[in-house]
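Breakdown of the fold
Take a look at the letters that make up each chain.
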Amino acid sequence: MNRIAFEIAKRRGDEARLSQLGLPEPDLLSRLAGRHVALVGNARSLTDKAQGTEIDAAEIVIRLNTAPMPSPVSHGRRTDWLAMSIAVPAPVISALAPELLLWMTPKRKRLPWRVACIPGFALLPAAHAAILHHNLGARPTTGMLAIDLLTRSDLASARLYGFDFFASKSLSGGRAATDVPHDFAAEHDRVAGLMATDPRFSLT
């Protein structure tokens, strides 16, 4: 797909056409099979911990949006996959140098061509976000969308870092919970239920 076709598909909301972009979801899930994953959220509370070495020891390190990393001691250094729901600036993507860029949100109009045309791009099906939105009663966060993706895979383990469901707010901005369209209590309960039923998942 060239840029003109891409922009037309975005404008028309042509999900069938846009779904042809990048790595198909089955191929994405196959890359997770049997792997040990670190999913790193952006909670400010992670800065108080010394989990960077543990994060970098994972086989796949996934970070979110602009992936702020105040210190390698707390956050590690590697970014293998970057899960995004915003148009992350090109210099940030270049500095992180992820192997894969995952567009998580169903908001296709936010997706820039410079991201969609990068080798290693993957567009997550909008249907998954719609189901999650229905189950939560609110728009899912990028982190929740990433967790949902991991549950659909045959990964060996997934350890979640920097997820406190906005108790300490986010390193990526100064907004309060009332300023964002998410239900953090519902996401907390969903993750708690996941931990209770799927031994592959753990939360630091």
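First, a word on scope: everything that follows refers to the structure included in this document.

1. With respect to the side chain of Asp164
- Within the element layout of this structure, Asp164 appears in the loop between β6 (157–161) and α10 (184–197).
- Nearest to the buried, unbridged Asp164 among oppositely charged side chains is Lys49, at 7.5 Å.
- Within the structure, Asp164 has its side chain in polar contact with the side chain of Ser45 (distance 2.8 Å).
- Setting aside anything within four residues of it in sequence, one finds Asp164 in contact with Ala43 and Ser45.

2. With respect to the packing of helix α8 (residues 126–136) against helix α9 (residues 142–151)
- Two numbers describe how α8 lies on α9: the axes approach to 11 Å, and their chain directions differ by 110°. Our classification of the angle between α8 and α9 gives roughly perpendicular. Between α8 and α9 lies a crossing of right-handed hand. Each of His128, Ala129, Leu132 and Leu136 in α8 lies in contact with α9, whose residues at this interface are Met144, Leu145 and Asp148.

3. Regarding helix α1 (residues 3–12)
- Listed as buried for α1 are Ala5, Phe6, Ala9 and Lys10. Here the buried residues of α1 occupy an arc of 135° about the axis, which is enough to place them on one side. Pointing more than 90 degrees away from the buried face of α1 are the exposed residues Ile4, Arg11 and Arg12.
- Residues of α1 that are buried sit in contact with α2 (15–18) and α7 (113–116).
- Sitting at the amino-terminal end of α1 is Asn2, which places a side-chain oxygen 3.2 Å from the backbone nitrogen of Ile4.

4. Here we look at the pattern of salt bridges
- Under the defined criterion, the tally for this structure stands at 10 salt bridges.
- Taking the shortest distance from any N to any O, the salt bridge between Glu15 and Arg108 comes out at 2.6 Å. Residue Glu15 is found in helix α2, and its partner Arg108 is found in the loop between β4 (100–103) and α7; the two are separated by 93 residues along the sequence.
- Residue classification places Arg108 among the buried residues on the basis of a relative accessible area of 7%.
- Residue Arg152 pairs with Glu25 through a salt bridge whose shortest N-O separation is 2.6 Å.

5. Remarks on α9
- Summarising burial for α9: 9 of the 10 residues are buried, a large majority.
- When we look at burial in α9, the residues that qualify are Thr142, Gly143, Met144, Leu145, Ala146, Ile147, Asp148, Leu149 and Leu150.

6. Details of the pairing of strand β2 (residues 60–64)
- The element β2 is extensively covered by neighbouring structure, given that 5 of its 5 residues are classed as buried.
- Burial of β2 is two-sided: the residues Ile60, Ile62 and Leu64 facing one way and the residues Val61 and Arg63 facing the other way are all buried.
- Relative to strand β3 (residues 81–84), β2 is paired through 3 bridges, and the arrangement is parallel. Across the sheet, the residue bridging to Arg63 is Leu82, located in β3.

7. Considering the pairing of β6
- In terms of strand pairing, strand β1 (residues 36–40) meets β6 through 5 bridges, oriented parallel. Bridge assignment links Val37 to a residue of β6, and that residue is Ala158.
- As paired elements, β6 and strand β7 (residues 201–203) share 3 bridges and run parallel to each other. Each residue of the ladder has a partner; that of Leu160, found in β7, is Leu203.

8. Brief notes about the packing of aromatic side chains
- Tallying each qualifying case throughout the model produces 2 aromatic pairs.
- Ring plane angle 10° and centroid distance 4.6 Å describe the contact between Phe166 and Phe184, whose orientation is recorded as stacked. Of this pair, Phe166 sits in the loop between β6 and α10 while Phe184 sits in helix α10, placing them 18 residues apart in sequence. Each member of the pair, Phe166 together with Phe184, is buried.

Cut-offs applied
Residues numbered from 1 in each chain as written. Predicted model: local features only at pLDDT ≥ 70, side-chain atom pairs only at ≥ 80, totals over all residues. Heavy atoms only, no water. Helix = DSSP H or I, 4+ residues; strand = E, 2+ residues; numbered from the N terminus. Buried < 20%, exposed > 50% of the residue type's maximum accessible area, 1.4 Å probe, protein only. Lys, Arg positive; Asp, Glu negative; His and termini not counted. Salt bridge = Lys/Arg side-chain N within 4 Å of Asp/Glu carboxyl O. Polar contact = N/O pair within 3.5 Å; in protein donor to acceptor, adjacent residues only side chain to side chain. Contact = heavy atoms within 4.5 Å. Axes fitted to C-alpha atoms, helices over the stretch in contact; angles between N-to-C directions. Parallel < 35°, antiparallel > 145°, perpendicular 65-115°, else oblique. Left-handed = near helix turned anticlockwise from the far one by under 90°. Arc of directions from axis to C-beta. Pairing = 2+ DSSP bridges. Phe/Tyr/Trp six-rings, centres within 6.5 Å; stacked < 30°, edge-to-face > 60°.

Shape is all these values report; function is a separate question.
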